[in-house]
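# Geometric and topological summary
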Amino acid sequence: MNYKNTLDWMFSCLPMYQRQGKTAFKKDLTNSILLSNQLNNPEKKFKSIHVAGTNGKGSTSHMIASVLQEAGYKVGLYTSPHLKDFRERIKINGQPIKKMEVINFVKNNKSFFENHKLSFFEMTVGLAFNSFAKHNVDIAVVEVGLGGRLDSTNIITPVVSVITNIGLDHTQFLGETLPEIAFEKAGIIKPEIPVVIGENQKEVMTVFKKTAKENKTELHLASQLKINLKTDLKGNYQNQNLKTALQTITILKDNNFIISDENIKEGLLNVVPNTGLLGRWQILNKSPKIICDTGHNKEGLQYVMKQLSEENFHTLHIVFGVVNDKDLESILPLFPKNAIYYFCKPNIPRGLDETKLQQQCKPYHLFGNSYTSANEALKAAKDNANKNDVIFVGGSTFVVAEIV
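As the structure is a prediction and not an experimental result, all values here were calculated from the model.

## Describing the confidence of the model for the protein chain
- This prediction gives the protein chain a mean pLDDT of 93; 94% of its residues lie at or above 70.
- A low-confidence stretch, residues 17–21 stays under pLDDT 50, and its non-local contacts, those more than four residues away or across chains, total 21 contacts.

Okay, structure coming up:
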């Protein structure tokens, strides 16, 4: 098997939530534990930080990893989904693992995957933990895929657990209310392991306090921090993620990690070069200004649209695509009516057809033409824009993935 064949097999033979949606989701840790045992429990061979939350967990994870790298630690980083290459999900000191590592892992364990019908996500988490153990990382920052309590990553016992915030996303799996979703995220809280809570949301604090009490641990509220540090991640929404990362670093220092103020400052200013993070209020072009952002649910898009409204432009062009299980009623009211829209279908099986999206946007007074791909839509936007315009690309991680 070469790298392309390996990925083709993974994407086609294994159920994968990102491509298929609900049918690929498994609410069970049995397979994760089975695979861990098969691999000789690699997650027990390194220290870890576990990061959950509706929004901001990717950015927060990358900030923490960058600071730890500046402090001289060998840092594993597991995040999802990827934008361009599968190996973005599994990095060591900002570098994706080698293609041969992916090929060999699948080749050596293929019959096990098939016999136990492992999901794409279960297998990928196994690969990540196996790689981190094999490369002797000092610590790994592990981002939860979906929820927390029954997520494949939830077999680790971390140094600190982090929950960035709670919003209404993936409600078909995690619950219809904020407290129900908070219960799933709170599932990463472990006995006597400190917990960082990014945003102090009164609707869910009761859930977190109850779970912390049951686990004889304490909550550390990041929102109370006063900060005067900056990060190279551009979105205004990064301010809260910055506080969450800093509160986490403080707990690591209390656990004998040696991290100086200079390490923190440099780590936060160099998140992109240190970790390769893409798609967070990323400026792709100056004139016309082209911005992309992976925000895709109500809470995330509220921040993004507010920042977009503060941009100076003659005309605003929006390249917009979503997945077919997106709750459009919750997000479409957030989008500006004074923009020209370029509707497109993300290039995955569960992408919503561009003409259907176009029709569903009309009652919200969001008008424009439809295009069969994000690149085609972006090309049309560029052709129509003058140098004083702004083009924004978003709505789905998968739309951004096609154009970065």
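Once the structure has been displayed, the description carries forward.
## What to know about the pairing of strand β1 (residues 47–52)
- Of all six residues in β1, five are buried; the element is thus mostly enclosed.
- Sheet topology note: the β1/strand β5 (residues 139–143) ladder contains five bridges and is parallel. Bridge pairing in β5 places H50 opposite V142.
- The sheet contact formed by β1 and strand β6 (residues 160–163) spans four bridges and is parallel. If you follow A52 over to β6, its bridge partner there is I163.

## Here we look at the packing of helix α3 (residues 30–38) against helix α5 (residues 99–116)
- At a minimum axis separation of 12 Å, α3 and α5 run at an interaxial angle of 155°. Considering their axes alone, α3 and α5 lie roughly antiparallel with respect to each other. When you trace α3 past α5, the crossing you get is right-handed. In this structure, α3 contributes N31, L34, L35 and Q38 to the contact, and α5 contributes N109, F112, F113 and H116.
- Among the residues forming the contact of α3 with α5, the class breakdown is four nonpolar, four polar and no charged.

## Some details on the environment of F367
- Mapped onto the secondary structure, F367 falls in the loop between α15 (354–361) and β13 (368–371).
- Note: C-alpha distance between F367 and C344 (23 residues apart in sequence) is 13 Å.
- If sequence neighbours within four positions are ignored, F367 has contacts with A339, I340, Y341, F343 and K362.

## Side note on the sheet that holds β1
- Pairing is mixed in the open sheet, where eight strands are placed in the order β4-β3-β2-β5-β1-β6-β7-β8. Of all the strands in the sheet, the pair left with one neighbour each is β4 (95–96) and β8 (219–221).
- Packed on one face of the sheet, helix α10 (residues 238–254) meets β1, β5, β6, β7 (195–197) and β8 and runs near 170° to β6.

## Some thoughts on α3
- Among the residues of α3, N31, S32, L35 and S36 are the ones counted as buried. Viewed along the axis of α3, the buried residues span an arc of 135°, placing them on a single side of the element.
- Looking at the buried residues of α3, the elements they touch are α5 and α6 (120–134).
- Backbone geometry just downstream of α3 places N40 in the positive-phi region, at approximately 65°.

## Quick look at the pattern of salt bridges
- Taken as a whole, this structure holds 10 salt bridges when the rule is applied.
- A salt bridge links E311 to K289; its shortest N-O distance comes to 3.0 Å. Here the residue E311 occupies a position in the loop between α13 (298–309) and β11 (316–320), and K289 occupies one in strand β10 (residues 289–292), the gap between them amounting to 22 residues.
- We classify E311 as buried; its relative accessible area is 16%.
- Its relative accessible area of 25% is what places K289 among the partly exposed residues.
- With a closest N to O distance of 3.2 Å, D325 and R350 form a salt bridge.

## Digging into helix α8 (residues 178–185)
- All of the buried residues in α8 are L178, I181, A182, E184 and K185. Viewed along the axis of α8, the buried residues span an arc of 155°, placing them on a single side of the element.

## Things to note about unusual backbone geometry
- Along the chain, S80 connects to P81 via a cis peptide bond; the corresponding omega equals -5°.
- Tracing the sequence through the fold places P81 in the loop between β2 (75–78) and β3 (90–92).
- A cis amide bond, omega 0°, links S287 with the succeeding residue P288.
- Within the secondary structure, P288 is located in the loop between β9 (282–286) and β10.
- Of note in the backbone geometry, K216 takes a positive phi value of approximately 50° without being a glycine.
- Along the chain, K216 turns up in the loop between α9 (202–214) and β8.
- For N256, which is not a glycine, the phi torsion comes out positive at approximately 70°.
- Locating N256 in the fold gives a position in the loop between α10 and α11 (261–269).

## Considerations on the environment of M63
- Inspection of the secondary structure assignment puts M63 in helix α4 (residues 57–70).
- Every residue in contact with M63, bar those within four places of it in the chain, is listed here: T231, L233, Q238, N241, L242, A245, L268 and V271.

## Things to note about the sheet that holds β9
- Taking strand neighbours across the sheet as the criterion, the six strands line up as β9-β10-β14-β11-β12-β13 in an open arrangement whose pairing is mixed. Among the strands making up the open sheet, the edge pair consists of β9 and β13. Strand after strand, the sheet turns through a mean of 20° between neighbouring axes, direction not considered.
- Here five bridges tie β11 to strand β14 (residues 390–394), and the two strands are oriented parallel to one another. Counted as the bridge partner of F320 is G394 from β14.
- Running over the sheet, α13 touches β10, β11 and β14 and is turned about 175° from β14.

What counts, and at which threshold
Residues numbered from 1 in each chain as written. Predicted model: local features only at pLDDT ≥ 70, side-chain atom pairs only at ≥ 80, totals over all residues. Heavy atoms only, no water. pLDDT = per-residue confidence, 0-100. Contact = heavy atoms within 4.5 Å. Buried < 20%, exposed > 50% of the residue type's maximum accessible area, 1.4 Å probe, protein only. Helix = DSSP H or I, 4+ residues; strand = E, 2+ residues; numbered from the N terminus. Pairing = 2+ DSSP bridges. Axes fitted to C-alpha atoms, helices over the stretch in contact; angles between N-to-C directions. Parallel < 35°, antiparallel > 145°, perpendicular 65-115°, else oblique. Left-handed = near helix turned anticlockwise from the far one by under 90°. Nonpolar A, V, L, I, M, F, W, Y, C, P; charged D, E, K, R; others polar. Arc of directions from axis to C-beta. Salt bridge = Lys/Arg side-chain N within 4 Å of Asp/Glu carboxyl O.

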